[in-house]
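Chains, contacts and geometry: an overview
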Amino acid sequence: MAAKQPSGIPAFGQAMVSELALPDIESLHGLNLVSPYNSGPPSEGGGDLNGWATRKALLDRAAAVGMYVQYSLVGAERWPEAVLQREVALVKDHPAIFSFYTADEPDAVGVGPQKLRRVYSLIKEVDPFHPVSMVFTNSPGSAQNYWASNYSGAFDIAMVDSYPIGDCKTWDPDPVLPCGTPLDILKLIDSAVALHSGPVIFAPQSIGGASRRERIPTAAEERVMIYLGLIRGVVGIQFYCHSQAVSGGAQYSPASWSEIRQVALEVAELSPTLVAGVNMTTLVNLTAVKTAATAGSGDVLHAAWQEPGNKTLLILVANAQNSNAVFTLKFPCALVDCQSSATELFTLGRRTNISVRGTHGEAIAMLLGYGTAAFRVPLAQQAGPVDLAPLQSGNLVVNPSFEQAANAGSPDGYTYQYICTGGSQTDGLQSCVDGSATAFADSRTAAHGTHSLRLTTPSTLGGVHMVPYEVGIGYDTKYCLSIWARTHVEGFRKEPAILSFSFSPMWTASLFNLT
């Protein structure tokens with residue numbers, strides 16, 4: 001059974017213990033999935049997620065801010081069957097539900113496959129549509145054969161966690177490995193993707209300083225582990241955090257979590273290709289130059305996809321070693337336009353020239369230790385769709401279809417403000433209605449080009465106020481404002497949307513109703 005993709009974006013989020021504020025916090029940074037732990041079946045009242053009212057409030061808020069929830073049923077094998085099915089029935093139609101999460105490393109804590117198959121069966125009797133997920137321990141090799149064969153029939157989405165960083169085995173009287181590196185995650189991911197016929201979500205390490213790990217991964221290590229997972233074919237990323245990311249804690253690094261948020265925005269930008277691209281990795285060859293000071297060819301990994309629209313090829317590259325790498329990408333000119341150049345995404349449009357070598361083109365580039373890159377190369381034969389709304393010549397608006405974004409997710413030429421009502425103006429500050437409203441450049445749908453602007457307004461009158469770059473206008477001149485817009489009513493709020501345009505404080509705002 002295929003996993004539900006959150007609005008066409010790969011799942012990217014984190015799991016926390018009873019954290020109600022998480023949707024508001026992380027939706028602002030591009031994450032789209034949350035998995036708060038529940039401590040048992042719902043009961044009346046209660047101050048944590050054990051109370052149904054609290055769980056419902058979290059689901060409602062997640063839907064309002066555009067996030068999905070892996071709904072925790074961990075421990076359900078110990079619940080009365082009627083209680084489990086009542087819980088599923090309560091939430092199965094909620095728009096925030098992504099999946100039912102039933103077990104955390106059952107292979108490590110002795111929860112047997114038979115019990116979890118029964119949980120799976122009970123869930124499917126009530127809700128045959130949403131997938132069931134569980135995470136398996138980071139035991140390599142034969143242990144993965146164990147879960148794949150013994151727990152089959154108990155889940156749809158396989159989640160695998162691997163926490164090698166700082167795992168120096170100083171606590172082990174018979175250590176097996178030296179301190180782990182990002183490269184150590186590959187055996188686990190490759191085994192999971194090969195053995196499980198359904199979707200795989202990777203849970204990279206984001207903790208340390210406890211749990212038998214001497215340190216937290218660095219920002220660079222977080223980045224390369226995420227890219228390695230995407231290159232190897234996972235459909236989602238979910239971090240397990242033992243403390244709230246914004247308030248800190250012994251196992252949390254602000255620097256690392258900032259990098260995770262940055263990569264989340266990059267993944268959102270690449271989402272159409274990661275979800276629906278045609279894998280072309282076998283047609284693109286990568287060779288790394290091996291010296292005493294650089295990573296070897298086996299340490300620089302890549303994957304390639306023909307992107308939706310059939311105009312470009314996307315290539316992701318990750319250097320899994322903490323040493324610089326010079327590498328060559330080689331691709332057939334029958335596939336890509338060898339007279340063009342490879343554009344490196346998220347770098348202000350840095351380009352790498354392609355040299356023609358007979359029937360192939362070559363591009364040479366470099367990555368720092370634990371570095372990543374995303375290249376886009378035009379295809380030789382392009383047959384993309386025609387723009388729904390061709391750009392009018394003479395358009396005065398800067399970046400009118402939100403194609404340019406020097407910072408991933410944030411279109412150039414616009415500043416963001418928040419609509420505020422009844423707020424005081426103490427020290428020049430206003431009190432805004434909803435601080436979790438967002439505006440992101442969205443690569444999933446477009447009327448022109450490849451992007452649109454996605455506005456998420458969690459509460460009435462609490463939306464983002466977009467201010468475009470200043471347009472010069474003259475007296476006694478007529479101007480025409482035209483827009484393409486539509487609503488997306490996947491959330492639980494069903495009322496029509498209203499877009500308001502104000503051209504000057506002296507003019508009355510124009511309202512557009514979207515139904």
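Along the protein chain, the regular secondary structure elements total nine helices and 24 strands. When contacts within the protein chain are restricted to residue pairs at least 6 apart in sequence, those whose partners lie at least 24 apart make up 69%.

In this section: the pairing of strand E8 (residues 236-240). Of all the five residues making up E8, five are buried; the element is thus mostly covered by neighbouring parts of the structure. Side chains Gly236, Gln238 and Tyr240 of E8 all project onto a buried face; the interleaved residues Ile237 and Phe239 project onto the opposite face, where all are buried too.

Time to look at the sheet that holds strand E18 (residues 372-378). The strand order E9-E11-E12-E18-E14-E15 describes an open sheet built from six strands, whose pairing is antiparallel. Bordering the open sheet on either side are strand E9 (278-279) and strand E15 (351-353), each of which pairs with just one other strand. Of the strand pairs in this sheet, strand E11 (residues 300-306) and strand E12 (residues 312-319) are connected by seven bridges, and their pairing is antiparallel. Its bridge partner being in E12, Trp305 is matched across the sheet by Leu314. Helix H8 (residues 219-231) rests against E11, E12 and E18 of the sheet, and its axis sits at about 130° to E12. Each of E9, E11 and E12 is contacted by helix H9 (residues 254-276), which is oriented at about 100° to E12, the strand it contacts most.

Most of E12 is tucked away, with eight of its eight residues classed as buried. Side chains Thr312, Leu314, Leu316 and Ala318 of E12 all project onto a buried face; the interleaved residues Leu313, Ile315, Val317 and Asn319 project onto the opposite face, where all are buried too. Where E12 lies against E18, seven bridges are found, and the strand directions are antiparallel. Pairing of Leu313 across the sheet is with Val377, part of E18.

Before going further, it helps to spend a moment on the packing of H8 against H9. Remark: H8 packs on H9, axes separated minimally by 8 Å, with the N-to-C direction vectors making an angle of 25°. For the element pair H8 / H9, the angle class is roughly parallel. Here H8 and H9 pass one another in a crossing that is right-handed. Within the contact between the two elements, H8 uses Ala219, Glu222, Arg223, Ile226, Tyr227 and Leu230 and H9 uses Ala255, Ser256, Glu259, Ile260, Gln262, Val263, Glu266, Val267, Leu270 and Leu274. Its residues placed into classes, the contact of H8 with H9 shows 10 nonpolar, two polar and four charged.

What follows concerns the state of the cysteines. Applying the stated criterion across every chain, the model contains one disulfide. Across a sulfur-sulfur distance of 2.2 Å, Cys333 and Cys338 are joined as a disulfide pair. Handedness here is read from the sign of the S-S torsion; for Cys333 and Cys338, about -110°, the answer is left-handed. Residue classification places Cys338 among the buried positions, given a relative accessible area of 6%.

Here we take up the sheet that holds strand E16 (residues 355-357). The strand order E10-E13-E17-E16 describes an open sheet built from four strands, whose pairing is antiparallel. Across the chains shown, the open sheet's two edge strands, defined by having one partner strand only, are strand E10 (285-289) and E16. Neighbouring strand axes in the sheet, compared pairwise and without regard to direction, differ in orientation by 30° on average. Bridge analysis of E10 against strand E13 (residues 325-332) gives five bridges, and the strand direction is antiparallel. Paired with Thr287 across the bridge in E13 is Thr328.

Generally speaking, soluble globular proteins have nonpolar side chains that are buried together. Ranked by internal contacts, the top residues of the largest apolar core, which has 71 residues, are Leu73, Leu84, Phe100, Met134, Phe202, Leu228 and Leu316. Ranked by residues supplied to this core, first place goes to H8 with seven residues. Not counting residues up to four positions away in its chain, the partners in contact with Phe100 are Tyr71, Leu73, Val88, Val91, Lys92, Ile123, Asp127, His130, Pro131, Val132 and Ser133. One finds Val336, Ala365, Leu367 and Val377 within the second-largest nonpolar core, a separate group that totals 25 residues.

This part is about unusual backbone geometry. Backbone geometry places Asn399, a non-glycine residue, at a positive phi of 55°. Along the chain, Asn399 falls in the loop between E18 and strand E19 (414-418). Classification of Asn399 by relative accessible area gives buried; the value is 7%. Backbone geometry at Phe402 places phi at a positive 60°, although glycine is not the residue there. Considering the arrangement of structural elements, one finds Phe402 in the loop between E18 and E19.

In total, this model carries 18 salt bridges according to the counting rule given. One salt bridge in this structure joins Arg78 and Glu77, with 3.3 Å as the shortest N-O distance. According to the relative accessible area criterion, Arg78 is exposed, its value standing at 65%. A salt bridge links Asp190 to Arg232; the nearest nitrogen and oxygen atoms lie 2.9 Å apart. Note that Asp190 is positioned in helix H7 (residues 185-195) and Arg232 in the loop between H8 and E8, a separation of 42 residues in sequence. Residue Arg232 is classed as partly exposed on the basis of its relative accessible area, which comes to 30%. One network of salt bridges, in which partners are shared, links Asp24, Arg61 and Asp434.

Parameters at a glance
Residues numbered from 1 in each chain as written. Predicted model: local features only at pLDDT ≥ 70, side-chain atom pairs only at ≥ 80, totals over all residues. Heavy atoms only, no water. Helix = DSSP H or I, 4+ residues; strand = E, 2+ residues; numbered from the N terminus. Contact = heavy atoms within 4.5 Å. Buried < 20%, exposed > 50% of the residue type's maximum accessible area, 1.4 Å probe, protein only. Pairing = 2+ DSSP bridges. Axes fitted to C-alpha atoms, helices over the stretch in contact; angles between N-to-C directions. Parallel < 35°, antiparallel > 145°, perpendicular 65-115°, else oblique. Left-handed = near helix turned anticlockwise from the far one by under 90°. Nonpolar A, V, L, I, M, F, W, Y, C, P; charged D, E, K, R; others polar. Disulfide = S-S within 2.5 Å. Core = buried A, V, L, I, M, F, W, Y, C linked by side-chain atoms within 4.5 Å. Salt bridge = Lys/Arg side-chain N within 4 Å of Asp/Glu carboxyl O.

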